[in-house]
Amino acid sequence: MTTPHLTALKAAPTGATHNHQLFSILCDNAQRTQLYQELLSHPQVLPFTSRADTKFRSTDDGNSEYHQTVYLLTQRQHIEQALTDTAAFSNAPYLALGSGTFMLGLDKDQPSPATDEHLAQRKLAMQAFQYNAPTIGMLSAVAYRAASTLPLKSRTFDLALLAEQAALRFVGFLFGFAQSDIALLERTTRLAYAGMSYQMFARHFVTSPGTLVETSGGMGALLIRVAQLIDQYQNPISRADIDAAKTIAGELAELQSFVPGFEPVLQRLATTAGGFSGTELAAIVVGSIAGIVGNVQASVSIALSQFFTLGLLETAKAAAQARAANPRDPALQPLVLEALRLQPPAPFLPRKVLQANPFGDAEGMQIPANAIVILAIGAATRQGVNGPLHSFRHDASTDDPLIFGGPPDNNPATRYLHQCLGKHIALPLITQVVQQVLLLPGLDRVLDSRTADIGVLTKRWGFNCESFPLQYTVDKAIIQQSLNVVMPIKTPLSEHAEMVKKIIAYGAPRIQLRLDQSRHVHFAWFSLQNNDSELALHTVFDGDFDAYIEHFALHVGPLFDQLLEHIQNAPPLPVAEFPKEFVDTIRRYNQAPVGGYFYSAYPMRTVDDIQRATKGMP
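Described in the following lines is the structure provided in the data block. Since this is a predicted model, take the numbers as computed values, not measurements.

## Considerations on the packing of helix H12 (residues 278–309) against helix H14 (residues 332–342)
Okay, so step 1: The N-to-C vectors of H12 and H14 enclose an angle of 95 degrees; their axes lie 9 Å apart at closest approach. Of the possible angle classes, the one that applies to H12 and H14 is roughly perpendicular. Counting all contacts with H12, which are made through Ser 299, Ile 302, Ala 303, Gln 306 and Phe 307, the residues of H14 involved are Leu 335, Val 336, Ala 339, Leu 340 and Leu 342.
Okay, so step 2: Classifying every residue of the contact of H12 with H14 gives 8 nonpolar, 2 polar and no charged.

The following block contains the structure:
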């Protein structure tokens, strides 16, 4: 097998050029896959010159030192050893994120005697996260339903944002946040996940010092809020805390009507605090939240992207339909896991080497103590017992524990937290969101109207999933639409507003007739607002916007001609001869509902449906 990427990297004349080329390869899914194939066919440890400081935090002892040699590990046996051998490897790279406030830092971020404290924190965390599968499944369904309310009102939506919102709602429910905390969770988890991906990987290739500063501030704000909530669950004292506790209790009772008997994590921690203070309990919580949200967002985005890229969309849709008919149907989750095996949500994990040459003479590469190694998880998940596994396995029935960054064994001393949060907490939500998106009618990628390119999943630093534009046939999911056109009236206002009133008054019978004949308008009314300076037209209608507006241009044209004589910047008249211009004008003045939110008790029922159902009723 040829090795174009390895050859190019070896030919790079300087450390900086080599660094830049390697980063470009690792940030591109196709090139990264090719590099992994080359490295697995020609096993070796890949050294590169890092741009990062040897100090993880500016407050660390010692002088700053740059241009250190970092080692990219792709062999599964090396990666498994780095994840499980706590005597030879530590989680020190996470220290800049705050080992006490970042869950990955709970493994063992430094040698003893810190280990005993971390073991105690892990034990408490494991108890707090123990939920049965039906409970997590119900929480996932409620979270998706809440998250999809606004994004799916439109034909196009961003899957990365939808997945993020589902994860935020899920985290809010799971931990016991107030509904009003969603904005805080959104802001802080974005900052925290950006800091995590920077510290884990990107800092070796790019310089973005503000990232960790913003991360620290975001995690600090979340830490304060979590500590406050634990106090409210535990022992509210002040009047404000008592009132807030009542609000949260009311919201929890509402959630329990969908998930009977559910007890949130923060409530559990408040009642089983052991010897930990409120701040320590909050620190245990905060570190897990960013990882859950970021990994759910990435996993959903990657899975759907893989289904499109690999030509598996119809297969995945069939599996989603089977699961919708029978929630126990096993077809969909293996497809999701196989997609994530090829492109794991957390593609790189760092470790600090505590003992020189922990792998021996690995492929002729001596790795010194205190060096940083980057674990290429996506390379390890491509290695099977009988050789490379670069192709999608349609018959895969087992999952790889490395997908969610967990060690490959069942020892509770090493395999505890990551698999619990990943497989048992996050995966049901990931599967639920993927299923519901696959069930959307006419699901497809968005075509860029300017470049004619198909929209793809975009990532920052090859890590953070930022955007994945998709579209679906919204009128097959939501038939009813709202129109709220607000047009400025000409001056002098009193004269033109009075004429508008008269035109609507004597034109009402004709308007009524045309609305009855159209058979696709549920409600319609005019109003004068802002001291009679604006004419507003409000309707609720069935179907396509352009077709609806053009229909009235052709059938109620004369009335609109008269009204538009009194409107500023009116389209060419008569509207029956310029229907496209009329549609453009209405679109320009149309004001979408705030946040895109429009409620209908029967969004799939047309005027015809309702009239047939109520025929003969008084």
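This is not the end of the story, as more comes after the structure.
## Some remarks on helix H13 (residues 313–325)
Okay, so step 1: Along its 13 residues, H13 runs 18 Å from first to last C-alpha, staying within 8% of the 18 Å computed at 1.5 Å per residue.
Okay, so step 2: Listed as buried for H13 are Leu 313, Ala 316, Lys 317, Ala 319, Ala 320 and Arg 323. Taken end-on, H13 shows its buried residues confined to a sector of 165 degrees, consistent with a single buried face. Counted as exposed and oriented over 90 degrees from the buried face of H13: Glu 314, Gln 321 and Ala 325.

## Description of the side chain of Gln 297
Okay, so step 1: Considering the arrangement of structural elements, one finds Gln 297 in helix H12.
Okay, so step 2: Judged by relative accessible area, which is 9%, Gln 297 ranks as buried.
Okay, so step 3: Within polar-contact distance, the side chain of Gln 297 engages the backbone oxygen of Ala 160 at 3.1 Å.
Okay, so step 4: Not counting residues within four places of it along the chain, the set of residues in contact with Gln 297 comprises Ala 160, Ala 163, Glu 164 and Cys 465.

## Let's talk about the state of the cysteines
Simply put, the disulfide is a covalent bond whose two ends are the sulfur atoms of two cysteines.
Okay, so step 1: According to the stated counting rule, one finds 0 disulfides in the structure shown.
Okay, so step 2: No disulfide involves Cys 27; its sulfur sits 12 Å from that of Cys 465, the nearest cysteine.

## Points about the pattern of salt bridges
Okay, so step 1: Taken as a whole, this structure holds 15 salt bridges when the rule is applied.
Okay, so step 2: Glu 164 is the salt-bridge partner of Arg 190, the closest N and O atoms lying 2.8 Å from each other. Taken as a pair, Arg 190 in helix H8 (residues 182–200) and Glu 164 in helix H7 (residues 159–175) lie far apart in primary sequence, 26 residues in all.
Okay, so step 3: The class for Arg 190 is partly exposed, based on a relative accessible area of 40%.
Okay, so step 4: Relative accessible area serves as the criterion here: at 3%, Glu 164 is assigned to the buried category.
Okay, so step 5: The partner of Asp 608 in a salt bridge is Arg 519, and the shortest N-O contact between them spans 2.4 Å. Here Asp 608 is found in helix H21 (residues 607–613), whereas its partner Arg 519 is found in the loop between helix H17 (493–518) and strand E14 (521–529), with 89 residues between them in sequence.

Analysis parameters
- Residues numbered from 1 in each chain as written.
- Predicted model: local features only at pLDDT ≥ 70, side-chain atom pairs only at ≥ 80, totals over all residues.
- Heavy atoms only, no water.
- Axes fitted to C-alpha atoms, helices over the stretch in contact; angles between N-to-C directions.
- Helix = DSSP H or I, 4+ residues; strand = E, 2+ residues; numbered from the N terminus.
- Parallel < 35°, antiparallel > 145°, perpendicular 65-115°, else oblique.
- Contact = heavy atoms within 4.5 Å.
- Nonpolar A, V, L, I, M, F, W, Y, C, P; charged D, E, K, R; others polar.
- Expected span 1.5 Å × (residues − 1).
- Buried < 20%, exposed > 50% of the residue type's maximum accessible area, 1.4 Å probe, protein only.
- Arc of directions from axis to C-beta.
- Polar contact = N/O pair within 3.5 Å; in protein donor to acceptor, adjacent residues only side chain to side chain.
- Disulfide = S-S within 2.5 Å.
- Salt bridge = Lys/Arg side-chain N within 4 Å of Asp/Glu carboxyl O.

Nothing here speaks to function; it is geometry throughout.
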